[in-house]
Every structure is written in structure tokens, then in C-alpha cells.
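Residues per chain are reported as follows:
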Amino acid sequence: KQWYQRRVRGDYHIKTIGPKMPFRAFLAGLGSDRLLEKKHLRITDGTPCTFFDIEGWEHRYPGLEDPPYTNADLIHIVTPGAKIVVMFRNPTDRLLSNYLFFHRFRGKAKHLTPKTFHTVAQQVINDFRQCLMERKLRNCCFTDKHLGEARLALGIYICFVTDWATLFNDSFLALTLNEYHSEPVKTLLKVYNHIGLSEPNVDELTEFVTSSQIKNSNDKVKRSFGNMLPETRELLDDFYRPYNEALAEYLGDSKYLFK
């Protein structure tokens, strides 16, 4: 992710990678060499945008309606034995959290209010529906042209999950943030088992989970912002409902309805 931002996308606020550093050089010393001596370890990456972000494909492949490949394809080619874990959040809550997170970096946090977010939600929904009148759902999900003030399409999980589930099959594990919050130890044990780690001592894991402090970089902004308006939640829930239903049907579990 850092190599991509610095070398491909040009985010020069990342100082650790030279502008001409090849990917092979970037990987050197980051963990793969140490793994050869310690087979019980696992190299992991928790970058959320790996799930959906194939930024720049429209520039690289002009004229195509859909990206010719996704990150799922790339990872499957390089590491076909990878274990994939995706934790889905209620897309309505995800949209607000993402909106506050990025506006915090743009220096606009103090100007954010539930009313302004409602206006933004209305606008991005209208823009997306306009896109659907001209293009297919998959294109509207992957395009960079309709991001607007909030990344609405990223909560249409059914657009992205099929690539990962199809390629990785039993190596793909889907969870929800709700089940982690309600049963953190049980959920973590499921992840341990999925990625092939030996099961930890349950009592020690429980103690660790219950004593750990939840970290959220949006805390101050959220306290200042408060809650979204009831009419905003209703608007977004109505928008996401058919896509949540499609996700629940595809994954075979009603928990993805996020009710």
C-alpha cells in the first residue's frame, strides 16, 4: 500500500520510499526473510482499501467498462495460498465513519454537522443513481468519477466480495463488526483457526480482550459531530437495503442485512 501510494499514485507525504524504488526493493527486510526462519509466524496486512481499491484502472485501460482485474486477482496470482478475512460493517455507519475520518485530515472537522452530512448523503445517492442510468452497477462501484464528498459505493459490498470469495473459496472468511463486538473471543478464535494459527489460551485471550482499550482515531471528531439525523439514517438504510439483501443471499447469512 505504501509503495503504491508513493511510487504509483504520487502521495509524497510518505517519506520512507524513494520515487524510483522498485517493489522488490521495498519488500526487502519487511518480514519475508524472517519468516523463513520462523515458520509459525504469519505475515498480515490490514489495509481496508485492499478490498476495493484498484485506483487508476480507467486511465490505464481507457474504453473498458469494468477493471480487467482486481486486487483479489493480483493477490491470488502472487500468493494463491493467502487467507482472506473481511469484516463487514453496517454500510450506513461505515459511510459516516469514513466521511469523518477523511475530513479530519482535510482540516474540515470543526465544520462537520449532521445537517451537512445529510446534504452530502443526498448528493452522493443522486450521483450514484445517475451513474446507474448510464452504466452497470459494477462500473459505478469501481469508478473514481462518482466519489463526491463521501464514498457511498464502498458500502455496496456485493460489488467487491464476489471477486474474493470466488477466487479464494474456503480461504475466504467473512465476518461482521457486530459479531466481533458481541462475541470478540469467539470471533478471534474463528480467525485464528482460519489463518492456521494454534489456538491461544482462551482465558488469556479473554483477559486480553476485556482489558484492552478500544482505539478510534475519530473519537474527538465523533464527539463534536454527534449522531447522524434520523432522516439521514433512513435515507442511507433505504439505499443500501437491496445491496445488503444481495450480500446476505450470496453469503447465505441474514446477519449481512445489518438489522
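Our subject is the structure that appears above.
Residues numbered from 1 in each chain as written. Predicted model: local features only at pLDDT ≥ 70, side-chain atom pairs only at ≥ 80, totals over all residues. Heavy atoms only, no water.

J.: Could you give an account of the state of the cysteines, naming the residues involved and the relevant values?
T.: Enumeration according to the criterion identifies two disulfides in this entry. Between C131 and C140 runs a disulfide, and the two sulfur atoms are separated by 2.0 Å. Here the disulfide of C131 and C140 is left-handed, its torsion about the S-S bond being about -100°. Residue class for C131 comes out buried when judged on its relative accessible area of 1%. Here C141 connects covalently by a disulfide to C159, the sulfurs 2.2 Å from one another. Residues C141 and C159 are joined by a disulfide whose S-S torsion is about 55°; by sign, that bridge is right-handed. Here the residue C141 occupies a position in helix α8 (residues 137-142), and C159 occupies one in helix α9 (residues 158-168), the gap between them amounting to 18 residues. Residue C159 is classed as buried on the basis of its relative accessible area of 6%. (Disulfide = S-S within 2.5 Å. Buried < 20%, exposed > 50% of the residue type's maximum accessible area, 1.4 Å probe, protein only. Helix = DSSP H or I, 4+ residues; strand = E, 2+ residues; numbered from the N terminus.)

J.: Tell me what's going on with the layout of surface pockets, and back it up with residues and numbers.
T.: If you add up the space inside the second largest pocket, you get close to 160 Å³. Looking at the second largest pocket, the residues that line it are N90, T92, R233, D237, Y240, R241, N244, E245, L257, F258 and K259. By residue number, the principal contributor to the lining of the second largest pocket is helix α14 (residues 230-251), which donates six residues. (1 Å grid on protein atoms, 1.4 Å probe; cavity = no way out; pocket = protein on both sides within 12 Å on 5 of 7 lines; lining within 4 Å. Points joined across faces, edges and corners; volume = space filled by probe spheres on them.)

J.: Can you tell me about empty space enclosed by the protein, naming the residues and giving the values?
T.: This model, assessed by the stated rule, comprises one cavity of 30 Å³ or more. Taken together, T50, F51, F52, D53, I54, T70, N71, A72, F142, D163 and W164 make up the full set of residues lining the largest cavity. Sorting the residues of the lining of the largest cavity by element identifies α5 (71-78) and α9 as the ones contributing at least two each. Looking at the lining of the largest cavity residue by residue, the classes come out as six nonpolar, three polar and two charged. (Nonpolar A, V, L, I, M, F, W, Y, C, P; charged D, E, K, R; others polar.)

J.: With reference to specific residues and values, describe the pattern of salt bridges.
T.: Enumeration according to the criterion identifies eight salt bridges in this entry. For K255, the salt bridge goes to E179, with nearest N and O atoms at 2.8 Å. In this pair, K255 is assigned in the segment after α14 and E179 in helix α10 (residues 177-182), connecting sequence segments 76 residues apart. With a relative accessible area of 13%, E179 lands in the buried category. Across the salt bridge formed by E183 and K186, the nearest N and O atoms sit 4.0 Å from each other. What you see here is one network of salt bridges that share partners, running through E65, D66 and K136. (Salt bridge = Lys/Arg side-chain N within 4 Å of Asp/Glu carboxyl O.)

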